[in-house]
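Structural overview for review
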Amino acid sequence: MTEVRQYFGNVWMAIYTAMVGMRRTFRHLFTPAVTIQYPDVKLKLPERARNRLYVNIDDCIGCDQCAMACPVDCITIETIKSTPDQDLGTTSTGQKKRLHVPKFDIDIAKCCYCGLCVYPCPTECIMMTDVYEFSEFDRKNLIYHYSRMTPEEIDVAKEKLKKAEEEAAAKKAAAAAAAKAAPPKQEGTSSQQPDSTKPS
Amino acid sequence: MYELLQQLLGDSILVYVIGAALPLLFILPYALVTVLLEMKVSAHMQDRVAYMYTGWHGVLQPVADIVKLLQKEDTIPGVADKTLFRLAPYLVFMGSYAGFAAIPFSSAYIGSDIDLGVFYIVAITSLAVIGILMAGWASNNKWSLFGAMRSAAQIVSYEIPTALSILVAVMITGSLNLQDVTHFQDGGFWNWVVFGGPLPLTQKLLLLPFTLVSFFILFIAGIAEVNRTPFDLPEAESELVQGYNTEYSGMKFAIFYLAEYANVFLVSAIVVSLYLGGWTSPFGEFMSGPIWGFFWFVAKGMFFVFMQIWIRWTLPRLRVDQLMYTSWKVLTPFLFVCIFAVGFILVV
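Rules of the game
Each chain carries its own residue numbering, running from 1 in the written order of its sequence. For naming, the first written chain is A and the first written ligand is 1, with later ones following in the order written. Per-residue local features are limited, in this predicted model, to residues with pLDDT of at least 70; the limit for side-chain atom pairs, both in listing and counting, is 80 or more; totals at the level of whole chains, interfaces and linings are taken over all residues. To qualify as a helix, a DSSP run of H or I must reach at least 4 residues; to qualify as a strand, a run of E must reach at least 2; elements of each kind are numbered from the N terminus. Radius of gyration here uses only the C-alpha atoms, and the compact-globule reference equals 2.2 Å multiplied by the residue count raised to the power 0.38. Counting other C-beta atoms within 10 Å of its own, a residue is labelled buried from 20 upward, exposed at 12 or fewer, and partly exposed in the gap between, with every C-beta atom placed from the backbone. In this description, any two residues whose backbone-derived C-beta atoms lie within 7 Å of each other are considered to be in contact. Each residue gets one of three labels, nonpolar for Ala, Val, Leu, Ile, Met, Phe, Trp, Tyr, Cys and Pro, charged for Asp, Glu, Lys and Arg, and polar for the others, Gly among them. Only the stretch in contact is used when fitting a helix axis, every axis being a line fitted to C-alpha atoms; angles between N-to-C directions are given from 0 to 180 degrees. Roughly parallel covers angles under 35 degrees, roughly antiparallel covers those over 145, roughly perpendicular covers 65 to 115, and oblique covers all other angles. Whether a crossing is left-handed or right-handed is set by the direction in which the near helix is turned from the far one by less than a right angle, anticlockwise for left-handed and clockwise for right-handed. Any two strands with at least two DSSP bridges between them are considered paired. The predictor reports its confidence for every residue as pLDDT, a score running from 0 up to 100. Note on terminology: a nonpolar core is any set of buried Ala, Val, Leu, Ile, Met, Phe, Trp, Tyr and Cys residues joined through C-beta atoms within 7 Å. Multiplying 1.5 Å by the residue count of a helix minus one yields the expected span of that helix. Given a residue, its bend is the angle between the two axes fitted to the seven residues that end at it and to the seven that start from it.

Take the overall build of chain A next. When you go through chain A residue by residue, the secondary structure sums to 4 helices and 5 strands. Of the regular secondary structure in chain A, the N- to C-terminal order runs α-β-α-β-β-β-β-α-α. Relative to a compact globule of 200 residues, whose C-alpha radius of gyration would be 16 Å, chain A shows 33 Å and is clearly more extended. Its C-alpha atoms give chain A principal-axis dimensions of roughly 120 × 40 × 30 Å. Per-residue burial for chain A yields a buried fraction of 12% across its 200 residues. Restricting to contacts in chain A with at least 6 residues of sequence separation, those with at least 24 account for 75%.

Now for the overall build of chain B. Along the backbone of chain B there are 13 helices and 2 strands. For 348 residues, the compact-globule formula gives about 20 Å, and the C-alpha radius of gyration of chain B, at 21 Å, lands near that figure. Along the first, second and third principal axes, the C-alpha set of chain B runs to 65 × 55 × 45 Å. Within chain B, the proportion of its 348 residues that are buried is 45%. Long-range pairs, those at least 24 residues apart, make up 76% of the contacts in chain B between residues at least 6 apart in sequence.

Here we come to the interface of chain B and chain A. Bring the parts together and some accessible area is lost; that lost area is often taken as the interface size. Each side of the interface is counted separately: chain B has 13 residues, and chain A has 12 residues. Counting residues per element, the ones that place at least two in the side of chain B that touches chain A are α2 (12-45) and α12 (290-312) of chain B. Examining the composition of the side of chain B that touches chain A, we find that 3 residues originate from one element, α2 of chain B, more than from any other. Split into classes, the residues belonging to the side of chain B that touches chain A amount to 9 nonpolar, 2 polar and 2 charged.

Once that is clear, we can look at the packing of helix α11 (residues 250-275) of chain B against α12 of chain B. All names here are of chain B. In the contact formed by α11 and α12, the axes pass within 8 Å of each other and the chain directions differ by 120°. Classed by the angle they form, the pair α11 and α12 counts as oblique. Helix-helix and strand crossings are classified by hand; for α11 and α12 the assignment is right-handed. Two secondary-structure elements touch here, α11 through Val264, Phe265, Ser268, Ala269, Val271 and Val272 and α12 through Phe297, Lys300, Gly301, Phe304, Val305 and Gln308. Among the residues making up the contact of α11 with α12, the classes are represented as 8 nonpolar, 3 polar and 1 charged.

What follows covers the sheet that holds strand β3 (residues 99-107) of chain A. Residues and elements named next belong to chain A. Read across the sheet, 3 strands follow the order β2-β3-β5 without closing on themselves; strand pairing throughout is antiparallel. Strands at the two margins of the open sheet, each flanked by one partner only, are β2 (75-81) and β5 (143-145). Taking the axes of each pair of neighbouring strands and ignoring which way they run, one obtains an average angle of 15° across the sheet. Where β3 and β5 come together, 3 bridges link them in antiparallel fashion. Following the sheet pairing, Ile106 is matched in β5 by Tyr144. Packing of helix α3 (residues 151-181) onto the sheet brings it into contact with β2 and β3, and relative to β2 it is tilted by some 50°.

The predicted model of chain B has a mean per-residue pLDDT of 84, with 99% of residues at 70 or higher. Here the predicted complex carries an ipTM of 0.76, next to a pTM of 0.77.

Let's shift gears to the confidence of the model for chain A. When pLDDT is averaged across chain A, the result is 83; 91% of the residues are at 70 or more. Every residue in residues 190-200 of chain A is under pLDDT 50, and counting partners more than four places away or in other chains gives 15 contacts.

In this section: the packing of helix α3 (residues 61-71) of chain B against α11 of chain B. Residue and element names in this part refer to chain B. Running from amino to carboxyl end, α3 crosses α11 at an angle of 140°, the nearest separation of the two axes being 6 Å. It follows that α3 is oblique to α11 by the angle criterion. Taken together, the residues of α11 that come into contact with α3 (itself represented by Ile66, Leu69 and Leu70) are Gly250, Met251, Phe253 and Ala254.

Of all hydrophobic cores here, the largest spans 88 residues; its most connected members are Ala262, Val271 and Tyr275 of chain B. With 16 residues, the top contributor of residues to this core is α11 of chain B. Residues within four places of Ala262 of chain B in sequence aside, it is in contact with Ile27, Ala31, Phe93, Ser96 and Tyr97 of chain B. If you look at the next biggest cluster of nonpolar residues, it comprises 17 residues, including Val55, Ile75, Cys117 and Cys125 of chain A.

Let us look at the pairing of β3 of chain A. Where β2 of chain A and β3 of chain A come together, 6 bridges link them in antiparallel fashion. Looking at β3 of chain A, one finds that Thr76 of chain A is bridged to Asp105 of chain A.

A word on helix α4 (residues 82-99) of chain B. All names here are of chain B. In this model, α4 (18 residues) spans 27 Å end to end at C-alpha, consistent with the 26 Å of a helix rising 1.5 Å per residue. Of all the bends in α4, the greatest, near 35°, is centred on Ala88, and the proline Pro89 appears no more than four residues after it. Every buried residue of α4 is listed here: Phe85, Ala88, Pro89, Leu91, Val92, Phe93, Gly95, Ser96, Tyr97, Ala98 and Gly99. Against the buried residues of α4 lie α2, α5 (117-125), α6 (127-138) and α11.

All names here are of chain B. Positive phi is not limited to glycine here, since Ala50 has a value of about 60°. Along the chain, Ala50 falls in the loop between α2 and α3. The partly exposed category is assigned to Ala50, around which 18 C-beta atoms lie within 10 Å. Residues other than glycine seldom take positive phi values, yet His57 does so here, at roughly 50°. Its place among the elements puts His57 in the loop between α2 and α3.

Turning our eyes to something else, we now look at the environment of Glu136 of chain A. All names here are of chain A. Following the sequence through the fold, Glu136 ends up in the loop between β4 (126-128) and β5. Residues Glu136 and Thr31, spaced 105 residues apart in sequence, show a C-alpha to C-alpha distance of 38 Å. Not counting chain neighbours up to four residues away, the residues in contact with Glu136 comprise Asn141 and Leu142.

All names here are of chain B. Checked against the element boundaries, Gln308 lands in helix α12. Accessibility expressed as a C-beta count within 10 Å gives 22 for Gln308, which makes it buried. In sequence terms Gln308 and Phe265 are 43 residues apart; their C-alpha atoms lie 9.7 Å from each other. Leave out the neighbours within four places in its chain, and Gln308 touches Ile223, Arg228 and Val264.

Printed below as a string of structure tokens:
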């Protein structure tokens, strides 16, 4: 008898549960969609969302800390020292810029969006933005060049640095020669000389 | 219908060709509408919106799909049995299209007014099994073959409840010709077989539970016959990739789909003709006539197409043993009880 009851119970259960499900789907037929029409309508990302990196190159002092922090080595920075006669201005945070940055490349294809490069930056010039649509047909286009220096400017900067270094080396050599000629007396000046070649 | 065409054209062969092609004229636009309906209904049931960019709310999407399938490369696997592979989709579609021959679309049109109407439909739609088996075998792919075998097993077992529940309606109406069956139910929805037919009230009330049960069973078995969810084991995307049509692409794939949607309407048409008065108006004389008849037939048919879509997007797929259990241990015994009861009531 229990088997008979179970059989009819099963049949009833099958019909009943199907009805419950169909009532639920019918109700959902008239509920407004929860989706949005993506390319036309976009959800606002959270404030601290980590997407495409952006570098405000005007604020970059070329300290290379972000490149060192990067776990996947996607940031490449090259710098050229500036000579004392050049004034590169200051950053928006008031720091004096001492290095030219001829190359600041981010290979966004390698980037893992960890955001570790953002924290060490002393001038807060590298940051995560909320841009996430940047697919490209060519992988090379995913290497972003942030430096705005033209090849000519780079050449000029290099030339100046070379000249300054040569001058410094010459001075140093002269100082060394002078020091050799009169060793003990001119100790103070010789120690000051390398400092002057440094971009200060 | 045929007499009118004969008078207009005067050529009997041409008349028969046109008469045979008329259901196709209905099926093709119907398939486009139903593809869109299926996508839209499924999307809204899941709180989505489906196509929105091709035309107003994506109404042109089925056309875009067809164009895409037309220009798609028609690949045939290297190890496939090429003749059978090419033949199978047409055979599947032929099976379902041949079924439309005995469906009365309106009081003025039935493809073939034969006395064995329903019997012919039950017999000829089984041709689709051969097509499906052929597709699965010719694909030379284990998933396709699995799907085809399942399909054969499923259709063979569900023929029994289908045939038996058709028998219940046939016992009440006393005819296998669907046109006669429909005429029998003329005169308002209370004359439909699902409510006991146009019989004396006591007989009607006694018949009512049994006709209702066999009506539901015919609908369930019909869904199983056309391999739609929750009985879509032959296709079972998650287990068998796509079952028998895994290897098909381009227009051959499209024809499988056309056959599926044609079958969906065929099942609805059989249910409607046998139990819900076919092309008769639910309000007696109000809004009846050949044109309104076609409207009522399509409206009722589309309602059941919608029901099938609704069920598809509600219920998960059955397991193979559950499928067989449902057919042999639930539907068939219930129908035997129905047949005995209906026979008893009609005779006494």
